[in-house]
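Results of the structural survey
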Amino acid sequence: MAQPIRHDWTRAEVAALFALPFNELLHRAHSVHREHHDPNAVQVSTLLSIKTGGCPEDCAYCPQAARYDTGVEAQKLMSVDAVVARAQAAKDAGASRFCMGAAWRSPKDRDVLKVAEIVRAVKGLGLETCATLGMLNGEQAATLKQAGLDYYNHNLDTAPEFYGEIIHTRQYQDRLDTLEHVREAGLKTCCGGIVGMGETREQRAGLLQTLANLPEHPESVPINQLVQVEGTPLNGVQALDPFEFVRSIAVARILMPASMVRLSAGRQQMDDAVQALCFFAGANSIFYGEKLLTTGNPDVEHDRALFKRLDLHSLEVVEEANTVHADIMEADSAGCGHGCGCSAAA
Ligand code: SAM
Ligand code: DTB
Ligand code: SF4
């Protein structure tokens, strides 16, 4: 019988999951995964930085903070036409969701109106839309919802007790408030964090516990591995053991069984075998395309080959008026030939 969706995880329970023998943890996570999801399907999103750099915040991991010398050049908000051209290309390459990121602390109302126009146009292509623009108030969230925005990404980033070592220019509570405005506007939530910032295992458990105990589980949970960027305070921090990253994915899957868990930043630095373990442990979403916001992501060709090697297929999004056929493997409708009913390529 499927496990109930819980919002009352204790820190000790989450820490105990992390402490399980690796094979035991992966078995449990994969079992939960199969109860709620097709184990061979991966949702594919493409990310675009629509307003890059020059950010006033001090997030210690971020190459877009103006105060760090990272070589990222500040750019203005892109035009509607320029974003639409990139969204069309992402759709043609097989993405089903288009995520737009802006290096703002919080957008001004006039910025939100411009992004709403962009969202309307991207939505018109038949793509799911996601935006991450910083802190929002209730009215701004409602404006974006009306424009057709499907998801809003706003991460907790880390455990409440480690947060103050990473960001000083806004509080944990500010993030929780934005998430509340997003939920109240009826937007779906994309919310996760970063591991590998020098936090302890207890603090990784704290991040996942906080996410799982939100009033509703985020529909998407991006788990980022820190991408170390020269010039940021976290450059040079001790790298995380890859198996500890896999454990973090597995625990996220167990705590939030019905959510999409996104194997997010850090894939370019990750071995294919570690990615395969992440998919087994419950990751079922990725960013696809050569760039994240300012840093690299695996080549499209590499990802197509990886999907083929692992018999993975991309998840289709069926909308009212449009069917987005989003299989990056261009699978034959006859299926994979294994007689298992999936649509993976042979
Ligand atoms: N400025 C907005 C904000 O902070 O909410 C939106 C963009 S911000 C770049 C989105 C998320 O990207 C951050 O919350 C963080 O989790 C992630 N991120 C930024 N830099 C990263 C890095 N070097 N490695 C991994 N994740 C990173
Ligand atoms: C998320 O959790 N990860 C993405 C997306 N949401 C916006 C961003 C990753 C950024 C990695 C660093 C960069 O490319 O600038
Ligand atoms: Fe700014 Fe967002 Fe980067 Fe923080 S994570 S510095 S808020 S762009």
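Since this is a predicted model, take the numbers as computed values, not measurements.

Let's shift gears to the overall build of the protein chain. In terms of helices and strands, the protein chain carries 11 helices and 12 strands. Its C-alpha atoms give the protein chain a radius of gyration of 19 Å, within 12% of the compact-globule value 20 Å for 346 residues. With respect to the principal axes defined by its C-alpha atoms, the protein chain has extents near 55 × 45 × 35 Å. In the protein chain, 73% of the contacts between residues at least 6 apart in sequence involve partners at least 24 apart. Charged side chains in the protein chain number 31 positive and 44 negative. The centres of these two groups are separated by 2 Å.

This part covers the UniProt feature "binding site: [2Fe-2S] cluster" (unreviewed entry) in the protein chain. As annotated by UniProt and renumbered to match this structure, "binding site: [2Fe-2S] cluster" (unreviewed entry) occupies Cys99, Cys130, Cys190 and Arg262. Spatially, the listed residues are clustered: although they cover 164 residues, their C-alpha atoms lie within 13.7 Å of one another. Inspection of the secondary structure puts Cys130 in strand 3 (residues 128-132). In contact with Cys130, not counting residues within four places along its chain, are Arg97, Phe98, Cys99, Met100, Leu149, Tyr151, Tyr152 and Asn153. The exposure class of Arg262 is buried, given its relative accessible area of 2%. Residues contacting Arg262, with those up to four places away along its chain left out, are Gln43, Ser45, Arg97, Cys190, Ser220, Val221, Pro222, Ile223, Ser285, Ile286 and Phe287.

Here we take up the pattern of salt bridges. Across all of its chains, the model carries 16 salt bridges by this definition. Between Glu128 and Arg97 there is a salt bridge, and its shortest N-O distance comes to 3.1 Å. Here the residue Glu128 occupies a position in strand 3, and Arg97 occupies one in strand 2 (residues 97-102), the gap between them amounting to 31 residues. Overall, Glu128 belongs to the buried group, its relative accessible area being 10%. Classification of Arg97 by relative accessible area gives buried; the value is 2%. Ionic pairing is found between Asp303 and Arg267, a salt bridge with its closest N-O pair at 2.8 Å. Placement of Asp303 in helix 11 (residues 300-309) and of Arg267 in the loop between strand 8 (260-263) and helix 10 (272-281) is noted, with a sequence separation of 36 residues between them. Of the two residues, Asp303 and Arg267, neither departs from the other in class, the shared state being buried. When salt bridges that share partners are traced, they join Glu199, Arg201, Arg204 and Glu244 into one network.

This next bit is on the confidence of the model for the protein chain. For the protein chain, the average pLDDT comes to 92, and 90% of its residues sit at 70 or higher. In the model, residues 318-326 has pLDDT below 50 throughout and makes 20 contacts with residues more than four positions away in sequence or in other chains. Overall, residues 329-346 carries pLDDT values under 50, and its contacts beyond four positions in sequence, including any with other chains, amount to 25 contacts.

A word on the site of ligand 2. Among the 13 residues in the neighbourhood of ligand 2, the closest are listed as Asn155, Asn224, Leu293, Thr294 and Thr295. Contacts to ligand 2 include Leu293, whose backbone N or O atom sits 3.0 Å from an oxygen atom. Taking Thr295, its side chain carries an N or O atom lying 2.8 Å from an oxygen atom of ligand 2. Relative to its unbound accessible area of 410 Å², ligand 2 is 89% covered by the protein chains. Among the residues making up the shell around ligand 2, the classes are represented as 6 nonpolar, 7 polar and no charged.

The element strand 1 (residues 41-51) is largely enclosed, with a buried count of 11 among its 11 residues. Bridge count between strand 1 and strand 10 (residues 313-314): 2 bridges; the pairing is parallel. Following the sheet pairing, Ala41 is matched in strand 10 by His313. Direction of pairing for strand 1 relative to strand 9 (residues 283-287): parallel, over a ladder of 3 bridges. Bridging from a neighbouring strand, Val44 pairs with Ile286 of strand 9. Here 6 bridges tie strand 1 to strand 2, and the two strands are oriented parallel to one another.

The next thing to look at is the site of ligand 3. Cys55, Glu57, Cys59, Tyr61, Cys62, Ala65, Ala103, Trp104 and Arg170 make up every residue found near ligand 3. Each residue belonging to the shell around ligand 3 can be placed in one class, and the counts come to 7 nonpolar, no polar and 2 charged.

All right, on to the nonpolar core then. Grouped together as the largest cluster of nonpolar side chains are 90 residues, with contacts concentrated most on Tyr61, Phe98, Tyr152, Leu211, Ile223, Phe245 and Leu255. Looking at this core, the element that brings in the most residues is helix 9 (residues 242-255), giving 8 residues. The contact partners of Leu255, leaving out residues within four places of it in the chain, are Arg6, Trp9, Val14, Leu17, Leu208, Gln209, Ala212 and His217. Membership of the second largest hydrophobic core comes to 9 residues, among which are Leu47, Cys99, Tyr151 and Ala265.

Moving on, we get to the environment of Ser314. Relative to the helices and strands, Ser314 resides in strand 10. Of the residues examined, Ser314 reaches a relative accessible area of 2% and is grouped as buried. Measuring from C-alpha to C-alpha, the distance between Ser314 and Pro218 comes to 21 Å, with 96 residues separating the pair along the chain.

Before going further, it helps to spend a moment on the packing of aromatic side chains. By the definition in use, this model includes 3 aromatic pairs. With centroids separated by 5.5 Å and ring planes inclined at 65 degrees, the aromatic side chains of Phe22 and Phe243 adopt a geometry described as edge-to-face. On the criterion of sequence distance, the pair formed by Phe22 in helix 2 (residues 22-36) and Phe243 in helix 9 is long-range, its members being 221 residues apart. When its relative accessible area of 44% is taken as the criterion, Phe243 is described as partly exposed.

Conventions and cut-offs
- Every residue gets a number counted from 1 within its own chain, in the order that chain's sequence is written.
- Ligands are numbered from 1 and chains lettered from A, in the order in which they are written.
- Reporting in this predicted model follows two pLDDT cut-offs: at least 70 for local features of residues, and 80 or more for side-chain atom pairs to be given and counted; totals over whole chains, interfaces and linings ignore these cut-offs and use all residues.
- With hydrogens and water set aside, each side-chain value is computed from the structure's full complement of heavy atoms.
- Strands here mean DSSP runs of E at least two residues long; helices mean DSSP runs of H or I at least four residues long; both are numbered from the N terminus.
- The globule rule is 2.2 Å times the number of residues to the power 0.38, and the radius of gyration it is compared with is taken over C-alpha atoms.
- Two residues qualify as a contact provided that any one of their heavy atoms is within 4.5 Å of a heavy atom in the partner residue.
- The convention is simple: Lys and Arg are positive, Asp and Glu are negative, and His and the chain ends are not counted.
- Every charge is mapped onto a representative atom, which is NZ of Lys, CZ of Arg, CG of Asp or CD of Glu.
- UniProt positions are given in the numbering used here, feature names are shortened, and annotations may be inferred rather than shown by experiment.
- Remark: exposure states derive from per-residue accessible area (1.4 Å probe, protein chains only) relative to the maximum for the residue type, with buried under 20%, exposed over 50%, and partly exposed in between.
- A side-chain nitrogen of Lys or Arg and a carboxyl oxygen of Asp or Glu constitute a salt bridge if their distance falls within 4 Å.
- pLDDT expresses, on a scale from 0 to 100, how confident the predictor is about each individual residue.
- We call a residue near a molecule or strand as soon as one heavy atom of that residue lies within 4 Å of the molecule or strand.
- Polar contact is the term for a pair of N or O atoms within 3.5 Å; when the atoms are in protein, one must be able to donate a hydrogen and the other to accept it, and sequence-neighboring residues count only if both atoms are side-chain atoms.
- Each accessible area is a Shrake-Rupley estimate made with a 1.4 Å probe; only the visible protein chains count as cover when residues are assessed.
- When residues are sorted by character, Ala, Val, Leu, Ile, Met, Phe, Trp, Tyr, Cys and Pro go into the nonpolar class, Asp, Glu, Lys and Arg into the charged class, and all the rest, Gly among them, into the polar class.
- Following DSSP output, two strands are said to pair if at least two bridges run between them.
- Grouping buried Ala, Val, Leu, Ile, Met, Phe, Trp, Tyr and Cys residues that are joined through side-chain atoms within 4.5 Å yields what is termed a nonpolar core.
- When the centres of two rings from Phe, Tyr and Trp lie within 6.5 Å, Trp using its six-membered ring, the rings pair. Their planes under 30 degrees apart give stacked, over 60 give edge-to-face, and anything left gives tilted.

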